Amino acid sequence: MASQVAKVVCRCEEAAESKNLNLSECELIQVPDAVYHLMRHTELKTCDLSGNVITKISPKFAVKFSLITDLNLSHNQMAKLPDELADLHSLEMLDISHNSFITLPAVVFKMAKLRELRANNNAIIDIDRDEIITSDSLELVDLRHNPLTPICYELLRTAAVSFRIELSERVLEDWEDLTI
């Protein structure tokens, strides 16, 4: 545990110069308050929290790191995001892949500059189609390797949107395969 604390402190010190905070693989269950304190005079550009066991992001994250353009939350245990993340007005890339989301968080459609959303390898079964079509900034939404419902999959596959939606080839579930 002490070595993980030292690792986090060391990475915060590196980020003070580079403006890129890398807290990946630190066994974090949340962003420690000490990180907000250590980074209080730093205007971060990127934040990598991948490969931890984070289940939720504090609403104060968006207040403290409001200028980040790139946020990597992949390979954690999250199932939702706080609405306050909509206050990340500069965020262009958000990676929430390899988590426990069962639906796309509505807040991602309120991020004014979000260009790329990586949400592959989750448990997403459906998305709010009215939300996704209203985004002006998106260029790519990666939804590969999610168990989308047949209706949702077809709607996404044929959606008339101004951005690319990446989908895996849909595999029929055993209960859907009538040839058995």
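Residues numbered from 1 in each chain as written. Predicted model: local features only at pLDDT ≥ 70, side-chain atom pairs only at ≥ 80, totals over all residues. Heavy atoms only, no water.

Asks: Hey, could you run me through the packing of aromatic side chains in this one?
Replies: Both the distance between ring centres and the angle between the ring planes are used here to describe each pair of aromatic rings. Counting across every chain of the model gives two aromatic pairs. Here the aromatic residues Tyr36, Phe61 and Phe65 are joined through ring pairs into a cluster of three or more. (Phe/Tyr/Trp six-rings, centres within 6.5 Å; stacked < 30°, edge-to-face > 60°.)

Asks: Hey, could you run me through the environment of asparagine 122 in this one?
Replies: You can see asparagine 122 is positioned in the loop between strand 5 (116–118) and helix 4 (129–132). On the basis of relative accessible area, asparagine 122 is assigned to the buried category, the value being 9%. Once residues lying within four places of it in the same chain are set aside, the contact partners of asparagine 122 are Ile96, Ser97, His98, Asn99, Ser100, Phe101, His145, Asn146 and Pro147. Here the side chain of asparagine 122 touches isoleucine 96 through a polar contact of 3.0 Å, landing on its backbone oxygen. Looking at asparagine 122, its side chain comes within polar contact range of the main-chain nitrogen of phenylalanine 101, at 3.2 Å. (Helix = DSSP H or I, 4+ residues; strand = E, 2+ residues; numbered from the N terminus. Buried < 20%, exposed > 50% of the residue type's maximum accessible area, 1.4 Å probe, protein only. Contact = heavy atoms within 4.5 Å. Polar contact = N/O pair within 3.5 Å; in protein donor to acceptor, adjacent residues only side chain to side chain.)

Asks: Explanation requested: the side chain of asparagine 146 in the structure shown.
Replies: The residue asparagine 146 is located in the loop between strand 6 (140–142) and helix 5 (150–157) in this model. Here the side chain of asparagine 146 touches asparagine 122 through a polar contact of 3.0 Å, landing on its backbone nitrogen. Looking at asparagine 146, its side chain comes within polar contact range of the main-chain nitrogen of isoleucine 124, at 3.1 Å. When neighbours within four sequence positions are excluded, asparagine 146 is seen to be in contact with Ala119, Asn120, Asn121, Asn122, Ala123 and Ile124.

Asks: Is there a simple way to think about the nonpolar core in this case?
Replies: As a rule of thumb, soluble globular proteins bury nonpolar side chains together. By size, the foremost hydrophobic cluster in this structure holds 50 residues, and its most contacted members are Leu21, Leu49, Phe61, Leu81 and Leu94. Looking at this core, the elements that each hand over two or more residues are helix 1 (2–18), helix 2 (33–38), helix 3 (60–64) and helix 5. Those residues in contact with leucine 49 that lie beyond four places of it in its chain are Leu23, Ser24, Leu28, Val31, Ile54, Ile57, Phe61, Asn72, Leu73, Ser74 and Asn76. (Core = buried A, V, L, I, M, F, W, Y, C linked by side-chain atoms within 4.5 Å.)

Asks: Teacher, can you tell me more about the pattern of salt bridges here?
Replies: Two side chains that carry opposite charge are able to pair once their charged atoms sit near each other. Applying the stated rule across the entire model yields nine salt bridges. Between glutamate 166 and arginine 144 there is a salt bridge, and its shortest N-O distance comes to 3.4 Å. Residue glutamate 166 is located in strand 7 (residues 164–166), and its partner arginine 144 is located in the loop between strand 6 and helix 5; the two are separated by 22 residues in the primary sequence. Overall, the relative accessible area of 30% leaves arginine 144 in the partly exposed class. Linking arginine 164 and glutamate 166 is a salt bridge whose minimum nitrogen-to-oxygen distance equals 2.7 Å. Residue classification places arginine 164 among the partly exposed positions, given a relative accessible area of 48%. A single network of salt bridges, built from pairs that share partners, joins Glu116, Arg118, Asp142, Arg144, Arg164 and Glu166. (Salt bridge = Lys/Arg side-chain N within 4 Å of Asp/Glu carboxyl O.)

Asks: I would appreciate a short explanation of the sheet that holds strand 1 (residues 20–22) in the present structure.
Replies: Sheet strands pair via backbone hydrogen bonds, and the direction of the pair is either parallel or antiparallel. If you walk across this open sheet you meet the seven strands as 1-2-3-4-5-6-7, and the pairing is parallel. Only two strands of the sheet have a single partner each, and these edge strands are strand 1 and strand 7. When the angles between neighbouring strand axes are averaged without regard to direction, this sheet yields 5 degrees. Sheet topology places strand 5 next to strand 6; three bridges connect them, and they run parallel. Bridging from a neighbouring strand, arginine 118 pairs with aspartate 142 of strand 6. (Pairing = 2+ DSSP bridges. Axes fitted to C-alpha atoms, helices over the stretch in contact; angles between N-to-C directions.)

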